[in-house]
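# Descriptive structure summary
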Amino acid sequence: MASNKINELLGDKAEYYLGHTCQTIDKSAIHLPSPTHLDDVWGISNRNVQTLRSLNGIMSHGRLGGTGYVSILPVDQGIEHSAGASFAPNPIYFDPENIVKLAIEGGCNAVASTYGVLGAVARKYAHKIPMIVKINHNEFLSYPNKFDQIMFGTIKDAWNMGATAVGATIYFGSDESARQIVEVAKAFEYAHELGMTTILWCYLRNGGFKKDGIDYHTAADLTGQANHLGVTIQADIIKQKLPSNNGGYNALNFGKTHKLVYDKLTTDHPIDLTRYQVANCYMGRAGLINSGGESKGATDLAEAVTTAVINKRAGGMGLISGRKAFQKDMKVGVELLNTIQDVYLDNGVTIA
């Protein structure tokens, strides 16, 4: 049974999330996170010894070290959303050192941020917490705004500053996606050659993915395919938004799908929709981490715990939560990160 705090935060939805049994893709088919995940899954892959060591560095660090689960603090929003929009609620995070301090004090497995942020404090912190350098961004200052992930540095620079991993975003479905796939695939190949772990933000971006007032950018079938493209270019960990609906292929009338995706492999339950995302990550061989989403204030803690419960019960590997943590007083941010981690440490929150 889950702890009282988790039950309280889930409120009247506690039984809905904690009592659900997945009858779509059975848990026995999933490569579930475990203390031996690295040996069982990546140990038989083509990843070189240095990359395995980097993966182990992330999996062994912080409060979740040794469990198979990860909690990552991502702070790349200074570019993706603008520094003002991101850091005005708590200006201490204009200083890169406070970003890293939050990840350390919050017990995270790793901190993900920009070349500039991590490079600014690399000599002090690269050996104290695994650093994930985000190698591309949507610069978001062009007018009118455009949406394109472009490279901001080199893999060698990330390696030189002591990074354990690199992260990248691909806007699958966008006009620029083909170029981004090629760029990131080449970057990930070199990162693996140098022994770094690779993490891919598998986001959808296309104005046509909205129809009749419904946004399918987070549809389980479309995000699942984005995940499958991500693991195809050998991302070790996939970051994806939690699915909010399904049936994108059918509603938009494009691409290829199958009726069994909707009749057998998914239901409308968030855990089942997320399990479909996990299935598209080679049945969990590549870990699925879901994003925590924007900060909404008083409901942040409950929303973060709900996302963590869905991810864990679906077979995911953890949570990557940024704005909900750093747009607050650091003490409150640490508490939020710790509460997310408590979900993964709680043996009462089981695989559905």
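For the structure given in this document, a descriptive report is provided here. All of these numbers come straight from a predicted model, not from anything done at the bench. (Residues numbered from 1 in each chain as written. Predicted model: local features only at pLDDT ≥ 70, side-chain atom pairs only at ≥ 80, totals over all residues. Heavy atoms only, no water.)

## What to know about the pattern of salt bridges
Pairing of side chains with opposite charge becomes possible as their charged atoms draw close. Tallying each qualifying case throughout the model produces 10 salt bridges. Between Arg47 and Asp236 there is a salt bridge, with the nearest N and O atoms lying 2.7 Å from each other. Remark: Asp236 occurs in the loop between helix 11 (220-232) and strand 10 (237-240) and Arg47 occurs in the loop between helix 3 (37-40) and helix 4 (49-59); sequence separation between them is 189 residues. Taking the relative accessible area as the measure of exposure, Asp236 reaches 0% and is therefore buried. Salt-bridge contacts for Glu80 lead to Lys134; the nearest nitrogen and oxygen are separated by 3.8 Å. (Salt bridge = Lys/Arg side-chain N within 4 Å of Asp/Glu carboxyl O. Helix = DSSP H or I, 4+ residues; strand = E, 2+ residues; numbered from the N terminus. Buried < 20%, exposed > 50% of the residue type's maximum accessible area, 1.4 Å probe, protein only.)

## Quick word on the sheet that holds strand 1 (residues 70-75)
Taken together, the 8 strands give a closed barrel; going around it, the order is 1-2-3-6-7-10-11-12, and neighbouring strands pair in parallel fashion. Neighbour to neighbour, the strand axes of the sheet diverge by 25° on average, direction disregarded. The pairing of strand 10 with strand 11 (residues 287-291) spans 4 bridges and is parallel. Bridged to Ile238 within strand 11 is Leu288. In the packing of helix 15 (residues 300-314) onto the sheet, the strands contacted are strand 11 and strand 12 (318-320), and the crossing angle to strand 11 comes to about 160°. (Pairing = 2+ DSSP bridges. Axes fitted to C-alpha atoms, helices over the stretch in contact; angles between N-to-C directions. Contact = heavy atoms within 4.5 Å.)

## Overview of the side chain of Asn98
Considering the arrangement of structural elements, one finds Asn98 in helix 6 (residues 96-105). Among the polar contacts listed, one links the side chain of Asn98 to the backbone oxygen of Ile92, at a separation of 2.9 Å. With residues up to four places along the chain from it excluded, the contact list for Asn98 reads Ile92, Tyr93 and Met330. (Polar contact = N/O pair within 3.5 Å; in protein donor to acceptor, adjacent residues only side chain to side chain.)

## Structural notes on the packing of helix 6 against helix 17 (residues 330-345)
At a minimum axis distance of 9 Å, the contact between helix 6 and helix 17 shows a crossing angle of 45°. Classified by the angle between their axes, helix 6 and helix 17 sit oblique to one another. Like other packed secondary-structure pairs, helix 6 and helix 17 cross with a definite hand, here right-handed. Note on element contacts: helix 17 touches helix 6 through Met330, Gly333, Val334 and Leu337, opposite Asn98, Lys101, Leu102 and Glu105. The residue inventory of the contact of helix 6 with helix 17, partitioned by class, reads 4 nonpolar, 2 polar and 2 charged. (Parallel < 35°, antiparallel > 145°, perpendicular 65-115°, else oblique. Left-handed = near helix turned anticlockwise from the far one by under 90°. Nonpolar A, V, L, I, M, F, W, Y, C, P; charged D, E, K, R; others polar.)

## A short note on unusual backbone geometry
A cis amide bond links Tyr143 to the next residue, Pro144, at an omega of -5°. Of note, Pro144 is situated in the loop between strand 4 (136-138) and strand 5 (149-151). One non-glycine residue with positive phi stands out, namely Ser82, at about 95°. Inspection of the secondary structure puts Ser82 in helix 5 (residues 77-87). For Ser82, a relative accessible area of 30% corresponds to the partly exposed category.

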